[in-house]
There are 2 protein chains.
Amino acid sequence: MIKARVTVTLKNGVLDPQGKAIENSLGSLGFKGVGSVRQGKVFDVSLDVKDEATAKHDIESMCEKLLANTVIEDYQVEIV
Amino acid sequence: MIKARVTVTLKNGVLDPQGKAIENSLGSLGFKGVGSVRQGKVFDVSLDVKDEATAKHDIESMCEKLLANTVIEDYQVEIV
């Protein structure tokens, strides 16, 4: 069983109202010096394949088809 | 400006219907050998503080107060 972590984040320049809302809330809670907050998603996937190369290839294909919207999001795959 | 990445994931044993739905969708899309999928959140925070220790301390405090629900979620802070 190979475990991988996929991190999906918004591309630079794409507006992130949720991140902005968190940024404002942190300010209201009294945190000083918060520059910017951007929110993304993380998926922990475990795969029953024979090697890491196959796992990485399969997961990239999953990202393209389902996990990420590649028009506005970037993804990063990390075998853990 | 110190940049940090906060990863918030569900604790083991906490049900994750969203992850389960993704798991089923991957199966329907024809991906073989998908064991389990768990979904979490990631926050990229940039902070204007003087050193990494202060940044780490502040961000842990943000997690406890706002970013994570520590009853059901774990968080990990990484300075990048």
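This section reports on the structure supplied with the text. (Residues numbered from 1 in each chain as written. Chains lettered and ligands numbered in written order. Predicted model: local features only at pLDDT ≥ 70, side-chain atom pairs only at ≥ 80, totals over all residues. Heavy atoms only, no water.)

As for the relation of the copies chain B and chain A
Let me state the cut-off plainly: The atoms used to superpose the copies are C-alpha atoms, taken from residues with pLDDT of at least 70 in both, and the fit is least squares. We call two residues contacting when some pair of their heavy atoms lies within 4.5 Å.
Note on the copies: chain B fits chain A at an RMSD of 0.0 Å, the axial shift is 0.0 Å, and the rotation between them is 180 degrees. This pairing of chains is accounted for by a two-fold axis. Among all residues of chain B, the one whose C-alpha sits closest to the rotation axis is B:Lys41, at a distance of 2.2 Å. A shared interface surface links the copies, since 100% of the contact residues of chain B are contact residues in chain A too.

With respect to the environment of A:Asp58
Counted only if it meets this: In this description a helix means any DSSP run of H or I spanning at least four residues, a strand means any run of E spanning at least two, and both kinds are numbered starting from the N terminus. Accessibility here uses a 1.4 Å probe with only protein chains present; expressed as a share of the type maximum, an area under 20% marks a residue as buried, one over 50% as exposed, and anything in between as partly exposed.
Relative to the helices and strands, A:Asp58 is located in helix H2 (residues 52-67). On the basis of relative accessibility, which here comes to 17%, the residue A:Asp58 falls in the buried class. With sequence-adjacent residues up to four places away left out, A:Asp58 is seen in contact with A:Leu47, A:Val49 and B:Phe31.

A closer look at the side chain of B:Glu73
Residue and element names in this part refer to chain B. Selection rule: Counting of polar contacts relies on pairs of N or O atoms within 3.5 Å, with two restrictions inside protein: one atom must be capable of donating a hydrogen and the other of accepting it, and residues adjacent in sequence are counted only when both atoms are side-chain atoms.
Locating Glu73 in the fold gives a position in strand S3 (residues 73-79). Looking at Glu73, its side chain comes within polar contact range of the side chain of Lys41, at 3.5 Å. Not counting chain neighbours up to four residues away, the residues in contact with Glu73 comprise Val8, Thr9, Leu10, Lys11, Lys41 and Ala68.

Quick notes on the interface of chain B and chain A
For clarity, the cut-off: Summed over both partners, the accessible area (1.4 Å probe) lost when two parts come together is defined as the buried area. Amino acids outside the nonpolar list (Ala, Val, Leu, Ile, Met, Phe, Trp, Tyr, Cys, Pro) and the charged list (Asp, Glu, Lys, Arg) are all regarded as polar, and Gly is one of them.
Taken together, the contacts link 34 residues of chain B with 34 residues of chain A. In this assembly, chain B packs against chain A so that about 2600 Å² is buried in total across both faces, 65% of it on carbon and sulfur atoms. Joining chain B to chain A, the criterion identifies 12 residue pairs in polar contact (both at pLDDT 80 or more). Secondary structure elements with two or more residues in the side of chain B that touches chain A: strand S1 (2-10), helix H1 (17-28), strand S2 (34-47) and helix H2 (52-67) of chain B. No other element matches S2(B), which puts 14 residues into the side of chain B that touches chain A. Among the residues making up the side of chain B that touches chain A, the classes are represented as 15 nonpolar, 11 polar and eight charged.

Some points on the sheet that holds S2(B)
Strands pair in a sheet through their backbones, by hydrogen bonds, and they do so in one of two ways: parallel or antiparallel. For clarity, the cut-off: The criterion for strand pairing is that DSSP finds at least two bridges linking the strands in question. Axis lines are fitted through C-alpha atoms, for helices just across the contact stretch, and the angle between N-to-C directions can take any value from 0 to 180 degrees.
The six strands are arranged S3(A)-S1(A)-S2(A)-S2(B)-S1(B)-S3(B) in an open sheet whose pairing can be described as antiparallel. Each having just a single partner strand, strand S3 (73-79) of chain A together with S3 of chain B make up the two edges of the open sheet. For this sheet, the mean inter-axis angle between neighbouring strands, taken without regard to orientation, is 25 degrees. By the bridge criterion, seven bridges tie strand S1 (residues 2-10) of chain A to S3(A) in an arrangement that is antiparallel. Counted as the bridge partner of A:Thr9 is A:Asp74 from S3(A). Lying on the sheet, helix H1 (residues 17-28) of chain A is in contact with strand S2 (34-47) of chain A together with S2 of chain B; it crosses S2(A) at an angle near 125 degrees. Strands in contact with H2(A) are S1, S2 and S3 of chain A together with S2 of chain B; relative to S3(A), the strand with the most contacts, it is inclined by about 160 degrees.

Focus: the packing of H2(A) against H1(B)
For clarity, the cut-off: Should an angle lie under 35 degrees it is considered roughly parallel, over 145 roughly antiparallel, and from 65 to 115 roughly perpendicular; all remaining angles are considered oblique.
Contact geometry of H2(A) with H1(B) gives a least axis separation of 11 Å together with a crossing angle of 105 degrees. If you check the angle between H2(A) and H1(B), you find them roughly perpendicular. The segment H2(A) lies against H1(B), with A:Met62, A:Leu66 and A:Leu67 engaging B:Ile22, B:Ser25 and B:Leu26. Its residues assigned to classes, the contact of H2(A) with H1(B) comprises five nonpolar, one polar and no charged.

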